[in-house]
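# Fold and contact review
Spelled out, the chains give:
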Amino acid sequence: MLLKDKVVVITGGSRGIGRGIALGCAKEGAKVVINYARDPETGGKSPAQEVVDSIHAMGGSAVAVKGNIADPTTSRELIAAAVAEFGGVDVCVANAGICPFHSFLDMPPELLRETVGVNFEGTYFLAQAGANQMIKQGRGGSIIAISSISKLVGGEFQTHYTPTKAAQHSLMQSCAIALGRYGIRCNSVLPGTILTDINKEDLTPEKTAAFNQRVPLGRLGQPDDLAGSVVFLASDMARYITGAEILVDGGMFVNLQ
Ligand code: RM4
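Notes on the structure in this doc start here. Model, not experiment: these values are computed from the prediction.

### A few points about the sheet that holds strand 6 (residues 184–191)
The strands making up a sheet are joined through hydrogen bonds of the backbone, oriented either antiparallel or parallel. The sheet built from 7 strands is open, its strands ordered 3-2-1-4-5-6-7 with parallel pairing. Edge positions in the open sheet fall to strand 3 (61–66) and strand 7 (245–248), since each of these has one partner strand only. If you compare each strand with its neighbour and ignore which way they point, the axes differ by 15 degrees on average. In the sheet, strand 2 (residues 31–36) pairs with strand 3 via 6 bridges, with the strands oriented parallel. Following the sheet pairing, valine 32 is matched in strand 3 by alanine 62. Of the strands in this sheet, strand 1 (7–10), strand 4 (91–94), strand 5 (141–146) and strand 6 touch helix 4 (residues 109–137), which is tilted by about 175 degrees from strand 4. Seen against the sheet, helix 5 (residues 162–179) touches strand 4, strand 5, strand 6 and strand 7 and runs at an angle of roughly 160 degrees to strand 6.

### Description of the nonpolar core
With 31 residues, the main nonpolar core has Cys25, Val32, Val93 and Ile144 as its most contacted residues. With residues up to four places along the chain from it excluded, the contact list for isoleucine 144 reads Val91, Cys92, Val93, Ala94, Asn187, Val189, Val230, Leu233 and Ala234. Ranked by size, the runner-up nonpolar core spans 30 residues in total, among them Val63, Ile79, Ala82 and Ala145.

### Looking at helix 2 (residues 47–57)
Looking only at helix 2, the buried set comprises Ala48, Val51, Val52 and Ile55. Down the axis of helix 2, the buried set is contained in an arc of 100 degrees. They therefore lie on one face. Residues of helix 2 that are buried in the fold lie against helix 1 (16–27), strand 2 and strand 3. Of the residues trailing helix 2, glycine 59 is marked for its positive phi of about 85 degrees.

### A look at the site of the ligand
Taken together, the neighbourhood of the ligand is formed by Cys99, Phe101, Ser148, Ser150, Gln158, Tyr161, Thr193, Ile198, Asn199 and Phe211. Within the side chain of asparagine 199, a nitrogen or oxygen atom sits 3.0 Å from an oxygen atom of the ligand. Alone, the ligand offers 300 Å² of accessible surface; in the complex the protein occludes 91% of this. Class assignment of the residues belonging to the shell around the ligand gives a composition of 5 nonpolar, 5 polar and no charged.

### A closer look at the packing of helix 3 (residues 72–86) against helix 4
In helix packing, the relevant descriptors are the interaxial angle and the interaxial distance, both defined with respect to the helix axes. At a closest axis distance of 8 Å, the pairing of helix 3 and helix 4 adopts a crossing angle of 35 degrees. Every pair of crossing elements has a handedness; the one defined by helix 3 and helix 4 is right-handed. Residues Pro72, Ser75, Arg76, Leu78, Ile79 and Val83 of helix 3 form the contact with helix 4, whose own contacting residues are Gly122, Phe125, Leu126, Ala129, Gly130 and Gln133.

Thresholds, definitions, all that
- Residues numbered from 1 in each chain as written.
- Predicted model: local features only at pLDDT ≥ 70, side-chain atom pairs only at ≥ 80, totals over all residues.
- Heavy atoms only, no water.
- Pairing = 2+ DSSP bridges.
- Helix = DSSP H or I, 4+ residues; strand = E, 2+ residues; numbered from the N terminus.
- Axes fitted to C-alpha atoms, helices over the stretch in contact; angles between N-to-C directions.
- Contact = heavy atoms within 4.5 Å.
- Core = buried A, V, L, I, M, F, W, Y, C linked by side-chain atoms within 4.5 Å.
- Buried < 20%, exposed > 50% of the residue type's maximum accessible area, 1.4 Å probe, protein only.
- Arc of directions from axis to C-beta.
- Near = heavy atom within 4 Å.
- Polar contact = N/O pair within 3.5 Å; in protein donor to acceptor, adjacent residues only side chain to side chain.
- Areas by Shrake-Rupley, 256 points an atom, 1.4 Å probe, with all protein chains shown as cover.
- Nonpolar A, V, L, I, M, F, W, Y, C, P; charged D, E, K, R; others polar.
- Left-handed = near helix turned anticlockwise from the far one by under 90°.

Set out below in structure tokens:
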């Protein structure tokens, strides 16, 4: 139980990579606070509540908090919920992200600003709110940005997106310096192409086949392929690691030929 009694806050935790991380941290004993942006239009039980129920079913503890992570008050509400429900916060995972694929030359300013707001500013606000609480607690902590392979490479229809992935890790590097004196570690995980809602329309059969050819491990990633790297960085196993990045992409990045 690598995360026994640790409190983990995860943005965008109701689906995709965030859901995989939430379940993975709970399996290692963490108490989990998941953020989600909106309820389903179809009504019924929300995906966020499904994740909470799944964690309860494994004997774990979890709560869900709705809010737009681009709004700085949401991060403060998430941390307040962690303190109220579980007595504090030990790990913050900035996972929430959007990537509405769009061409560069006619990129609408509002789409650019929304993507920067969620992906970069949302990471900034969570790190800031989490670090302030961790410093009050006096027992250090771990801040993890879910960046991307797209921090390292570009995408024709991702000109609004890839810079935010690079910015997330640059933020972790600077926060590692600013927060090291408090025992707070700041690192990034760089997923490759992971099969989630974010790319299900983009991944046509042709693109999927081409990507599979590029991945030495022979398949695109699944959300739970990310849990281990996040649990590791969240845990005391990574006690001397800060300002670092872990590429979790099946070898996609290095495979030029
Ligand atoms: C990732 C990477 C993947 C893409 C998703 C949306 O950072 O670029 O290839 O499918 O974003």
